[in-house]
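# A look at the structure
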Amino acid sequence: MTTPIKLAPSILSADFTRLGEQLAAAEASGADWLHIDVMDGRFVPNLSFGLPIVEAARRVSSLPLDVHLMIVEPDHLLEAFAQAGANSITVHYEVSVHLQRTLSTIRALGCRAGVALNPHTPASVVSEIIDDLDLILVMTVNPGYGGQPLIPRTLEKVRQVRGMIWDRAVDIQVDGGINTQTAPAAVDAGANVLVVGSAVYNQQQSVAEGIAALRQVLNQ
């Protein structure tokens, strides 16, 4: 691929006792976006954070805020997340009854619109809404927890999605188990935005070292 690869550190893996510092480190080290996973304990079995974290991230970082809503009935909160500072908002196909309307609303709020597909959801479901999308997120793990290993067969879905969008300006994002071992395969399959959690935020290396290692294996 000739498209520059974007790295989107997931703040779910950050040290929340020094969140501002961790976000600043990602920005200073060349991260492209900040990925914010919002979990409700209903669509996924875990709780994470909500509007206050998005607002806080907006205050301390100039990077685009990539908000991933792993929640039921996301339409009720789209405007609030846009006002909190989200630059892109991704909703799950599995919970969106009127998906085209939801995506149109996101765009009307001034945000980029994305749809996420769980591992069991086929790529074909986006065929009727491609023109309403700015981003397709292929979940390479089951959503709800960080630190899971990538499910290899999900990379075939990335290839299918890449084939569907043709030359449209739609980002293909992968989320789950992305590290120096799996990132090249994800890019080879067609992804151009990599959500990276524990590969960047961990106790073994600095944020700068984690991002540099990913750039090295991607020849970026």
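The following paragraphs examine the structure supplied in this document. Numbering of residues starts from 1 in each chain and follows the order in which that chain's sequence is written. Under the rules for a predicted model, residues below a pLDDT of 70 receive no local features and side-chain atom pairs below 80 are neither given nor counted, while totals for whole chains, interfaces and linings still include all residues. Excluding hydrogens and water, the side-chain values take into account all heavy atoms of the structure.

## Brief notes about the overall build of the protein
The helix and strand inventory of the protein stands at seven helices and eight strands. Overall, the protein is about 45 × 35 × 30 Å in size when its C-alpha atoms are taken along their principal axes. Three exposure classes are used, based on accessible area relative to the maximum for each residue type with a 1.4 Å probe and protein chains only: buried under 20%, partly exposed in between, and exposed over 50%. Put simply, the protein has 220 residues, and 53% of those count as buried. Here the contacts in the protein between residues at least 6 apart in sequence split such that 64% fall between residues at least 24 apart. Accessible area for the protein stands at about 9,700 Å²; split by element, carbon and sulfur atoms hold 50% of it. Note that His is not counted, nor are the chain ends; the positive residues are Lys and Arg, and the negative ones are Asp and Glu. Think of each charge as sitting on NZ of Lys, CZ of Arg, CG of Asp or CD of Glu. Separation of charge centres in the protein, based on 14 positive and 22 negative side chains, amounts to 2 Å. Only DSSP runs of H or I with at least four residues qualify as helices, and only runs of E with at least two residues qualify as strands; both kinds are numbered from the N terminus onward. When checking whether two residues touch, look at their non-hydrogen atoms; a contact exists if any pair is within 4.5 Å. The accessible surface values rely on the Shrake-Rupley method and a 1.4 Å probe; as for residues, cover is taken only from the protein chains in view.

## So, the sheet that holds strand 8 (residues 193-196)
Taken in spatial order, the eight strands line up as 1-8-7-6-5-4-3-2 in an open sheet, and their pairing is parallel. Each of the sheet's edge strands pairs with one partner strand only, and the pair in question is strand 1 (6-9) and strand 2 (34-39). On average, adjacent strands in this sheet sit at an angle of 25 degrees to one another, irrespective of strand direction. Taken strand by strand, helix 2 (residues 51-60) contacts strand 2 and strand 3 (65-70), and its axis lies near 170 degrees from that of strand 3. DSSP-based pairing: two strands are paired if at least 2 bridges between them are found. Helix axes use the C-alpha atoms of the stretch in contact, all axes being lines fitted to C-alpha atoms, and the angles between their N-to-C directions lie in the range 0 to 180 degrees.

## A look at the nonpolar core
Nine residue types can take part in a nonpolar core, namely buried Ala, Val, Leu, Ile, Met, Phe, Trp, Tyr and Cys, and a core is a set of them joined through side-chain atoms within 4.5 Å. One finds Ile 36, Leu 69, Ile 89, Val 126, Ile 136 and Leu 194 to be the most contacted residues of the largest nonpolar core, which totals 65 residues. No other element matches the five residues that helix 5 (residues 154-165) contributes to this core. Among all residues touching Val 126, those that are not within four sequence positions of it are Val 115, Leu 117, Leu 133, Ile 136 and Met 164. Residues Leu 135, Leu 137, Val 141 and Val 193 belong to the second largest nonpolar core, which totals nine residues.

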